[in-house]
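Take a look at the letters that make up each chain.
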Amino acid sequence: MSTIVVCPLASIAETAVRHGAREMVSLIAEKQDFHRPGVIRAERHLKLAMNDIGFAGTGGLIAPSEAHVAQLIEFVRDWDQSAPLVVHCWMGVSRSPAAAVIAILALNPDEDDAALAQRLRKVAPHATPNTRLIEIGDRMLQRDGRLVAAMKAIGRGADTDGRASFSIELNR
């Protein structure tokens, strides 16, 4: 099975090395500075500049957009799945779990949204996927509201200190 490993920014290098990852998606604020782990090739590192907000028009913050989700979908569909994919944001709680769910559905459109949401909750009790990313992913992947409903059904995740990582498998 192919694996997506979600983690906070602080543990991207250790996570990439421990899991043998060669590809990574970063969902991080535009001016957030960080170094790509050496095991991740520059051409297989997707950086999506966005803030963790649920609506557009919030001062100088960048809301998740259709362009971000389109880039994510294109990137994961080009992932050869021979090694785990690392997906991270600042804390590993909101943007990256949402991106992981969108990636799974982009690669496996027959996945049941509710079952996927339950799998997410089981491996990541702390996950509270970004609602804007989920809504955009739902539309772009033609889930007809099923993804939004599934994420609402699992509710807000448990409090976390921002050091929680998790792995989620792609069902085949």
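See the structure shown above.
Draft legend 1. Just the packing of helix α3 (residues 95-107) against helix α4 (residues 113-123), in detail. Direction vectors running N to C along α3 and α4 enclose 140 degrees, while the axes themselves pass 11 Å from each other. On the basis of their axis angle, the class for α3 and α4 is oblique. Regarding α3 and α4, the two cross each other, and that crossing is right-handed. Residues Pro97, Val101, Ile104 and Leu105 of α3 touch α4, and the partners they reach there are Asp113, Leu116, Arg119 and Leu120. Per-class residue counts for the contact of α3 with α4 are six nonpolar, no polar and two charged.

Draft legend 2. A look at the packing of α4 against helix α6 (residues 146-154). It is the contact of α4 with α6, at a shortest axis distance of 8 Å, that shows an interaxial angle of 35 degrees. The interaxial crossing formed by α4 with α6 has right-handed handedness. Of the residues in α6, those in contact with Asp113, Ala114, Ala117, Gln118, Leu120 and Arg121 of α4 are Arg146, Leu147, Ala150, Met151 and Ile154.

Draft legend 3. Structural view of the pattern of salt bridges. Scanning all chains against the criterion turns up nine salt bridges. Across the salt bridge formed by Arg44 and Glu23, the nearest N and O atoms sit 2.4 Å from each other. Pair noted here: Arg44 is in the loop between β2 (23-28) and β3 (45-49) and Glu23 is in strand β2, with a separation of 21 residues, a long-range link. In this structure Arg44 comes out as buried when scored by relative accessible area, which is 9%.

Rules of the game
- Residues numbered from 1 in each chain as written.
- Predicted model: local features only at pLDDT ≥ 70, side-chain atom pairs only at ≥ 80, totals over all residues.
- Heavy atoms only, no water.
- Axes fitted to C-alpha atoms, helices over the stretch in contact; angles between N-to-C directions.
- Helix = DSSP H or I, 4+ residues; strand = E, 2+ residues; numbered from the N terminus.
- Parallel < 35°, antiparallel > 145°, perpendicular 65-115°, else oblique.
- Left-handed = near helix turned anticlockwise from the far one by under 90°.
- Contact = heavy atoms within 4.5 Å.
- Nonpolar A, V, L, I, M, F, W, Y, C, P; charged D, E, K, R; others polar.
- Salt bridge = Lys/Arg side-chain N within 4 Å of Asp/Glu carboxyl O.
- Buried < 20%, exposed > 50% of the residue type's maximum accessible area, 1.4 Å probe, protein only.

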